[in-house]
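Structure assessment
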Amino acid sequence: MLSVVAIVLASYLVLRVVFPLRLPWPLRTALAVLVYGLALHHRIVARFAGSMASPELPKLVIAALGTGFIALLLTAVFVLLLDAATLVVWALRRRSALTAMRGPWLRPGAAVLALVLSAFGTWQAMVVPQVRQVDVSIAGLPQAFDGYRVLQLTDIHASRLLTGDWVAGVVAEANAQQPDLIVITGDLVDGSVTARANDVRPLADLQAPDGVIAITGNHEYYGQYQAWMDAFRALGMQVLENAHVRIERDGAGLTIAGVTDPVAERYGQALPDLDAALAGADPQAPVVLLDHRPVAARDSAKRGVALQLSGHTHGGHIVGMDRLVARANGGFVSGLYPVDGMQLYVSNGAGLWPGFATRIGVPSEIAVITLRRSESEG
């Protein structure tokens, strides 16, 4: 189905942008082949160099392919809008405006603009993320945890695009915040344990007094799930698979629970089970839930969770597209949401999947979440 959509998209652009160009036929034919190649590059790469989840190509090649692909998508949007506007002008019989809308370089100009925006988006996707400070008020939070700082990393997506040097930069920025606890809410890697060994090694250097707690995202299942669980634990992480741990301060407790990802069903692994994750937890201790996807937040609220930390959405990647991403994630895409008495924080993520490596107006982030007692509690 995705290949059919890609071919339709490429054909539209070839007919509306490439063939009308005042260039020799051989050059227009080469451009048409390039358009079809970029539209189908995920399938081509998966066949010859890795997989859809983890293209095993040099960084610059992945960046170039990604830039070209996003430029195609943006060009299609721009040209579709121009064509729609042309129809409106034609219906209104505005001849001068119609002539302008049919200008020979208008649509190629839109393609150039799309390429510039796409190149910017690729660059933004590859920078070390900025730190985002978030205060969250929690009812019933013990005094001992007022001001407790949880650093959330999510969607690191270590890959041939976001390599070990980039991961080391993320780790250094995270450690510089001196959090009390570091949590990683899934999608740490793309690829096999062997392929990513050097890229994830810097994660062993994450430091916080209460340690590093991680959960799985959907991408862990695409490449040797159980081997990755062992690898993460070897890097010093406490991985929660439908389980919880208790953090203590001056005799008071805070429960950190974590669930698996729904894609587990395809791979014969344990489905997310919040009841199992909270079994035996102190009923007096507020619960911070780590759930890669935000879509089940309302169910979490019903179970008495005080704060849910999620990722998965990458913030929507592109301003405007975030609304579509929100629709697929229960209406949640980026930032702090009140959900039926619970607080939900959805991080934009530190990295992203190399198959859609763009950020336009949606920066990556390292979130530092400071827990606060509700004002009514003093």
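Quick note: structure is the one above.
My aim in this report is to walk through the structure given alongside it, one point at a time. (Residues numbered from 1 in each chain as written. Predicted model: local features only at pLDDT ≥ 70, side-chain atom pairs only at ≥ 80, totals over all residues. Heavy atoms only, no water.)

**Some thoughts on the overall build of the protein chain**
Note the following rule: The helix count covers DSSP runs of H or I at least four residues long, the strand count covers runs of E at least two residues long, and both are numbered beginning at the N terminus. Throughout, radius of gyration means the C-alpha value; the globule benchmark is 2.2 Å times the number of residues raised to the power 0.38. Buried means the residue's accessible area, taken with a 1.4 Å probe over protein chains only, is under 20% of the maximum for its type, while exposed means over 50%, and partly exposed covers the values in between. Accessible areas in this description were obtained via Shrake-Rupley with a 1.4 Å probe; residue shielding takes into account the shown protein chains only. Here Asp and Glu are counted as negative and Lys and Arg as positive; His is not counted, and neither are the chain ends. Each charge is placed at NZ for Lys, CZ for Arg, CG for Asp and CD for Glu.
Across its full length, the protein chain holds twelve helices and twelve strands. Its C-alpha atoms give the protein chain a radius of gyration of 23 Å, near enough to 21 Å, the size a compact globule of 378 residues would have. For the protein chain, the spread of C-alpha atoms along the three principal axes comes to 75 × 50 × 40 Å. Buried positions account for 53% of the 378 residues belonging to the protein chain. Summing over all exposed atoms, the protein chain offers an accessible surface of approximately 16,900 Å²; the carbon and sulfur share of this is 60%. Across the protein chain, the 29 positively charged side chains and the 30 negatively charged ones have centroids separated by 18 Å.

**Details of the pattern of salt bridges**
How we decide: Here, a salt bridge means any Lys or Arg side-chain nitrogen found within 4 Å of an Asp or Glu carboxyl oxygen.
This structure, assessed with the given rule, holds 15 salt bridges. Across the pair Glu 56 and Arg 160 runs a salt bridge whose closest N-O atoms are separated by 3.8 Å. Taken together, the positions of Glu 56 in the loop between α3 (41–48) and α4 (59–91) and Arg 160 in the loop between β2 (149–153) and α7 (164–176) put the pair 104 residues apart, joining distant regions of the chain. By relative accessible area, Glu 56 is classed as partly exposed at 26%. Among the salt bridges present, the one from Asp 210 reaches Arg 249, with a minimum N-O distance of 2.8 Å.

**So, helix α1 (residues 2–18)**
The line we're drawing: In a helix, the anticipated span is given by 1.5 Å times the number of residues less one. What the arc measures is the spread of directions leading from the helix axis to the C-beta atoms.
Across its 17 residues, α1 extends 22 Å between first and last C-alpha, which sits within 8% of the 24 Å expected from 1.5 Å per residue. For α1, the complete set of buried residues consists of Ala 6, Leu 9, Ala 10, Leu 13, Val 14, Val 17 and Val 18. One side of α1 carries all its buried residues, which in axial view fall inside an arc of 135°. Set apart from the buried face of α1 by more than 90 degrees, the exposed residues are Val 8 and Leu 15.

**Observations concerning the packing of aromatic side chains**
We apply this condition: Here is the rule: rings of Phe, Tyr and Trp (six-membered ring for Trp) pair when centre to centre is within 6.5 Å. Planes less than 30 degrees apart are stacked, more than 60 are edge-to-face, and the remainder are tilted.
Within the structure shown, the criterion is met by nine aromatic pairs. Aromatic side chains Phe 69 and Phe 356 sit 6.5 Å apart centroid to centroid with 80° between the ring planes, which places their arrangement in the edge-to-face category. Separated by 287 residues along the polypeptide, Phe 69 in helix α4 and Phe 356 in the loop between β11 (342–346) and β12 (365–373) bring together distant segments of the chain. Overall, Phe 69 belongs to the buried group, its relative accessible area being 11%. Using a relative accessible area of 16% as the deciding quantity, one classes Phe 356 as buried. A connected cluster of aromatic rings, assembled from ring pairs, spans Tyr 221, Tyr 222, Tyr 225 and Tyr 267.

**What about the packing of α4 against helix α6 (residues 106–126)?**
Selection rule: Note on geometry: axes are lines fitted to C-alpha atoms, helical ones only across the stretch in contact, with angles between N-to-C directions running from 0 to 180 degrees. If an angle is under 35 degrees, it is roughly parallel; if it is over 145, roughly antiparallel; if it lies from 65 to 115, roughly perpendicular; otherwise it is oblique. Should the near helix be turned counterclockwise from the far one by less than a right angle, the crossing is left-handed, whereas a clockwise turn marks it as right-handed.
At their nearest, the axes of α4 and α6 sit 7 Å apart, and the two run at 140° to each other. Viewed along their axes, α4 and α6 adopt a mutual orientation that is oblique. Judged by the sense of rotation from one axis to the other, the crossing of α4 with α6 is right-handed.

**Brief notes about the sheet that holds strand β1 (residues 130–138)**
Selection rule: Pairing between strands is defined by DSSP: at least two bridges between them are needed.
Taken together, six strands build an open sheet; the order of strands is β1-β12-β2-β3-β4-β5 and the sheet is mixed. Two strands bound the open sheet, and with one partner strand each, they are β1 and β5 (238–239). Here β2 pairs with β12 via four bridges, running antiparallel. Among the inter-strand pairings, Gln 152 is bridged to a residue of β12, identified as Ala 367.

**Topic: the nonpolar core**
Using the following cut-off: Take the buried residues of types Ala, Val, Leu, Ile, Met, Phe, Trp, Tyr and Cys, join any two whose side-chain atoms come within 4.5 Å, and each joined set is a nonpolar core. Here a residue-residue contact requires only that any non-hydrogen atoms of the pair lie within 4.5 Å.
Within the largest apolar cluster, 43 residues are counted, with the highest numbers of intra-cluster contacts made by Leu 153, Ile 156, Ile 184, Leu 203, Leu 206, Phe 232 and Met 237. Breaking this core down by element, the ones donating at least two residues are α4, β2, α7, β3 (181–185), β4 (212–215), α9 (225–234) and β12. In this view, Leu 203 contacts Ile 156, Val 167, Val 171, Leu 188, Leu 235 and Met 237; residues no more than four positions away in its chain are not counted. Core analysis: the next-biggest nonpolar cluster, separate from the first, contains 26 residues, Val 136, Leu 181, Ile 215 and Ile 247 among them.

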